[in-house]
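An overview of the molecular structure
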Amino acid sequence: MKKTLTLLLLVLTLVVISSCKKDKNDTTTTGGNTTTTEDPGTVVDDTYTYAFASLGMPNNFNVHIWETNTDSMIMNYTEMGLYDFVLNEEMDGYDIISEMAAGNPVDVTLDYAENTLFDVPDDAETGYAFKIALNEDAKWANGTVINADTYIYSMQQLLNPEMQNYRADGYITGTLVIDNAEEYLKQGQSTFITLGKYMETFGIGTLAEAITQATTEDLTTYINWVYSFGDDLYSDDEPEDKVVATDKTLAELYADYKAEVLRQGWTDEAGIDEWVLDELYVQYTFPVLDWENVGLIKTGEYEITLVLAKPITDFYLKYNLSSNWIVYEDLYEAGKVTIEGGSVSTNYATSVSTYMAYGPYKLVTYQDDKLIALTKNDEWYGYSDINHEGQFQATDIEISILADHNTTLLSYLSGDLDEVGLTQEDVDEFKFSENLLYEPESYSSKLTFNTDPVLLKEHEDAAGSNVDKEIFANIKFREAISLALNRQDFVQTQTAGSQATLGLYNSLYVSNVDTGEIYNTTQAYANILNRIYGTDYPTGYDLEKATQLFQEAYDEQFAAGKIDADDIVEIEFSIYKFDNAYTDKVIFLQNALNDATFGTDLQGRIIFSTRTDAKYYDSAERGDFDVIWATWGGMSMDPFGFMQVYTVNGTHNEYGFDPETETFTMVIDGTDVTKTYYNWYIALNEGEYSAMEASYELRLEILAEMEYNILIQYRTIPVYARTSLVMISDKINYATDEFVPLVVFGGIRSMTFNFTDAEWEDYASNEIDYTD
């Protein structure tokens, strides 16, 4: 799952004509050398450099803490998963192959079903534990062997409680959850959880059982009960703000709570217990846990066993293990420092000297804001085995850091780069080129708002007199913005390949891996869009209703004394950098709102401004923003797990939304079921509605209902699903020019070259025509 900075990405406004790019030189490729038919038998310069550009440098490329797509670009070439997805022979789909693993995982659930160290159910037979033989030929770039100890050490560091690594989340939530990994990571930490969540944690079925068991010594060792009534039983404040410590037992608290709600006029005495589960909070401190309780075990010198907290299918196991977690111990330890508050960090993977590769390529140059260079890693097993013959022909990779698109395009045209993404302005010139590729992406871009009333008031006060920002917290104002956007016009004028979208998921998300069914082609998805927009407005554009809602939002704010008759509504848009692509998008939004507010009291009074913030995701996490482009992608084969990015605090971008306290209700089997957004996510992926517990049809309905309830709050407004138009040079060929999910065009694994570097230099010295 990769959160990316909003790049210069693009939309298709015309029919892309697909064609096979002809080779400029008739060659046959064998391994690393190329024999040309022009001079049979002559071995020419066997260096092949794949060159492309990036807008910026990674903040780091540490597999334990990376965050953005840019952060991951080095690891894509220097690291390898236990399994990998590759083009099949027909080049119309994928195969799953072993890489850092020596073969398929072996299900050993029965060996752990009664093991008291783990939580595998006694009656479990499959899906919980897997033995994986490791590739004994795998080595670090300096020749050091990679064995089971490497995997154990690396996971211990990923889950190190003192480090709190960003990517630890990938093994404690979602589809692949290592047993007791969360408990190990969070040992010693305290957190506030509802009584209901406490009962789920300890497997307590009823409130009466909780009251009884909470008086026993074993359950109170790490539990402190906390509560507060105050003046408002229905406060939406964070738990930390609404609870106070108490020495009372749960039974005493329950009696107090029941008496208080009855005093305040509650008439449904039978419903009190349901409220208690959400209104009483527990301060839970995770106990100290030994590593032997964590479900990653060394079972041989070159063998590990995974024990999971919930069952998983073979496909999703390999899918999750197509990325890796290993780090080079000596450098990781050498880079450690203790920082303020006692936590620990490391400078691993921040430079050439602090990083060690183990994939097909290794890092040799890392010049800040200038160049990243990789070269062939001679220690990689794939160059000497029979499984990778004809693969990874590139001997070198060069990534130029170019912030300006025009500079990037000129570098491509002059032969210095092998790829460039087109903007809308470039389309007419290259629309018939045989070098043009159409590349859908899993990323979707959304307008995401700060809706926290307190912070908005602070921002408003800081902006000076006659400025209003509190109106962002008005749901009618945000819905009006959504309806005012003609998304089709947006993608046609502001992008060079993207598609208008109304949902959180685009057309790459597969909800059923057995049949290949795409989530947003299902009836469940269509139903939620019809509920939101109606069949009369399939594009989500309704100018008349937008105008009405803008006026209603203004009237409500004015009546509440939150906006004056001469206030300007200033919407500050945080953008990655100033350039035409970003500013033109903001101008489009400004014009759309101008049209929708015509004739209302907000006419001429909504003004967009912009500020540059290269780390605006970090700023958004603090609430330091009005609106951003929030762009999430990845996990295209697991839309159920992908819901994490909208329902887990610390991951979602919608400041002012608390998925761990806000709830919604849906009917399941004729019964109303109410959960917090977070608990729906947990139930869908780890609980009673997970793949091993519930039918696909029910899970699909729950996923759609979750999406519906997020969308109707308009805290995030989907606008476009990103697609790139990519031009490639005459130097290279991808295995296919038809996009294939998960493997795209085959990637660098199957890339071939029409020229050596020396030959390309001569060829590119003449003007290259890429327009046809």
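Here's what I pulled together on the structure shown here. (Residues numbered from 1 in each chain as written. Predicted model: local features only at pLDDT ≥ 70, side-chain atom pairs only at ≥ 80, totals over all residues. Heavy atoms only, no water.)

Thoughts on the overall build of the protein
Our working rule: Strands are runs of DSSP state E lasting at least 2 residues, helices are runs of H or I lasting at least 4, and numbering of each runs from the N terminus. Relative accessibility decides the category of a residue: with a 1.4 Å probe and only protein chains considered, values under 20% of the type maximum give buried, values over 50% give exposed, and everything between is partly exposed. Contact between two residues is taken to exist if any of their heavy atoms lie within 4.5 Å; hydrogens are not considered. For the accessible areas, the method is Shrake-Rupley and the probe is 1.4 Å, while residue cover comes only from the protein chains on display.
Summing up its helical and strand segments, the protein has 27 helices and 33 strands in all. The buried share among the 772 residues of the protein stands at 55%. Summarising the internal contacts of the protein: among those between residues at least 6 apart in sequence, 71% fall at separations of at least 24. By element, 46% of the accessible surface of the protein is carried by carbon and sulfur atoms, the whole surface being about 32100 Å².

Focus: unusual backbone geometry
Trans is the common state for peptide bonds, and a negative phi is the common state for residues other than glycine. Positive phi, normally seen in glycine, also occurs at glutamine 164, with a value near 50 degrees. As for its position among the elements, glutamine 164 is in the loop between α4 (148-158) and α5 (181-185). In this model, alanine 349 sits at a positive phi of 65 degrees, which is unusual for a non-glycine residue. Positionally, alanine 349 belongs in the loop between β16 (344-346) and β17 (361-367).

What about the pattern of salt bridges?
This is how the line gets drawn: Criterion for a salt bridge: a side-chain nitrogen of Lys or Arg within 4 Å of a carboxyl oxygen of Asp or Glu.
Enumeration over the complete set of coordinates arrives at 22 salt bridges. A salt bridge links arginine 722 to glutamate 441; the nearest nitrogen and oxygen atoms lie 3.7 Å apart. Of this pair, arginine 722 sits in strand β31 (residues 716-728) while glutamate 441 is found in strand β21 (residues 436-449), placing the two residues 281 residues apart along the sequence. This pair shows no difference in class: arginine 722 is buried, exactly as glutamate 441 is.

Notes on the side chain of serine 444
Position of serine 444 among the secondary structure elements: in strand β21. Residue contacts for serine 444: discarding those within four places in its chain leaves Leu504, Asn506, Ala630, Thr631, Trp632, Tyr720 and Ala721.

Let's talk about the packing of aromatic side chains
Each aromatic ring pair is described using two quantities: the centre-to-centre distance and the angle formed by the ring planes. Note the threshold: Think of it this way: a Phe, Tyr or Trp ring, Trp meaning its six-membered ring, pairs with another when their centres are within 6.5 Å, and the plane angle makes it stacked under 30 degrees, edge-to-face over 60, tilted otherwise. In this analysis the charged atom, NZ for Lys or CZ for Arg, is taken to sit over a ring once it is within 6 Å of the ring centre and within 35 degrees of the ring normal.
Within this structure, the stated rule accounts for 50 aromatic pairs. Residues tryptophan 680 and tyrosine 689 carry aromatic rings whose centres are separated by 6.1 Å and whose planes lie at 20 degrees to one another, so their mutual orientation is stacked. Owing to a relative accessible area of 11%, tyrosine 689 belongs among the buried residues under this scheme. Three or more aromatic residues joined by ring pairs form one cluster here, namely Phe61, Tyr153, Tyr332, Tyr348, Tyr355 and Tyr366. Here the basic side chain of lysine 318 rests over the ring of tyrosine 83, its NZ or CZ set 5.8 Å away from the ring centre. Taking the ring centre of tryptophan 680 as reference, the NZ or CZ of lysine 675 above it sits at 5.9 Å.

Side note on helix α17 (residues 475-484)
Because an α-helix completes one turn every 3.6 residues, residues spaced three or four positions apart along the sequence face the same direction. Here α17 lies mainly inside the structure; eight of its 10 residues are buried. Buried residues of α17: Phe477, Arg478, Glu479, Ala480, Ile481, Ser482, Leu483 and Ala484, and no others.

Considerations on the sheet that holds strand β19 (residues 396-401)
As a reminder, the rule being used: Two strands qualify as a pair provided DSSP detects at least 2 bridges between them. In this analysis, axes come from line fits to C-alpha atoms, helices being fitted only over the stretch in contact, and the angle between any two N-to-C directions falls in the range 0 to 180 degrees.
Taking strand neighbours across the sheet as the criterion, the four strands line up as β4-β19-β18-β17 in an open arrangement whose pairing is mixed. Both outer strands of the open sheet, β4 (49-54) and β17, are each paired with one neighbouring strand and no more. Ignoring strand direction, the axes of neighbouring strands in this sheet form an average angle of 15 degrees.

Looking at the sheet that holds strand β7 (residues 106-107)
In space, the four strands of this open sheet follow the order β7-β8-β14-β13, with antiparallel pairing throughout. Edge positions in the open sheet fall to β7 and β13 (296-300), since each of these has one partner strand only. Note: strand β8 (residues 129-133) against strand β14 (residues 303-307), five bridges, orientation antiparallel. Its bridge partner being in β14, isoleucine 132 is matched across the sheet by isoleucine 304.

Structural notes on the nonpolar core
To be explicit about the condition: Residue types Ala, Val, Leu, Ile, Met, Phe, Trp, Tyr and Cys, when buried and joined through side-chain atoms within 4.5 Å, form a set referred to as a nonpolar core.
Counting 181 residues, the largest nonpolar core has Tyr50, Met100, Leu159, Trp325, Leu447, Phe477 and Phe550 as the members making the most contacts within it. Broken down by element, this core gets its largest block of residues, nine residues, from helix α26 (residues 696-711). Leaving out residues up to four positions away in the same chain, methionine 100 has contacts with Met80, Gly81, Leu82, Leu134, Asn135, Ala138, Ile146, Tyr151, Asn324, Ile326, Tyr358 and Tyr381.

Considerations on a negative patch on the surface
Which entries qualify depends on this criterion: To count toward a patch, a residue needs a relative accessible area over 30% and no salt bridge; like charges are then connected within 9 Å, while nonpolar side chains (Val, Leu, Ile, Met, Phe, Trp, Tyr) are connected within 5 Å. Two residue types count as positive, namely Lys and Arg, and two as negative, namely Asp and Glu; His and chain ends fall outside the count. The atoms used to mark charge sites are NZ of Lys, CZ of Arg, CG of Asp and CD of Glu.
Residues Glu89, Glu90, Asp92 and Asp95 make up a contiguous surface patch of negative charge. Tracing the chain through its elements places glutamate 89 in the loop between β5 (83-87) and β6 (94-98).

A few points about the environment of threonine 495
Definition in use: Two N or O atoms form a polar contact when they lie within 3.5 Å of each other; inside protein one atom must be a possible hydrogen donor and the other a possible acceptor, and for residues adjacent in sequence the pair counts only when both atoms belong to side chains.
Looking at the secondary structure, you find threonine 495 in the loop between α18 (487-494) and β23 (499-500). Note on threonine 495: relative accessible area 1%, which makes it buried. Remark: the alpha-carbon pair of threonine 495 and glutamine 424, spanning 71 residues in sequence, is separated by 5.2 Å. Among the polar contacts made by the side chain of threonine 495, one reaches the main-chain carbonyl oxygen of valine 491 at a distance of 2.7 Å.

Focus on the packing of helix α25 (residues 677-685) against α26
Selection rule: An angle below 35 degrees is read as roughly parallel, one above 145 as roughly antiparallel, one from 65 to 115 as roughly perpendicular, and any other as oblique. Crossing handedness: left-handed means the near helix sits turned counterclockwise from the far one by under a right angle, and right-handed means the same turn made clockwise. Throughout, the ten residues Ala, Val, Leu, Ile, Met, Phe, Trp, Tyr, Cys and Pro are labelled nonpolar, Asp, Glu, Lys and Arg are labelled charged, and all others, Gly among them, are labelled polar.
Two elements in contact, α25 and α26, have axes whose closest approach is 11 Å; the angle formed by their N-to-C orientations is 160 degrees. It follows from the interaxial angle that α25 and α26 lie roughly antiparallel. For the element pair α25 and α26, the recorded crossing hand is left-handed. Taken together, the residues of α26 that come into contact with α25 (itself represented by Tyr677, Trp680, Tyr681, Leu684 and Asn685) are Arg699, Ile702, Leu703, Met706, Asn709 and Ile710. For the contact of α25 with α26, a count of residues per class yields eight nonpolar, two polar and one charged.

That's the geometry; what it means functionally is another story.
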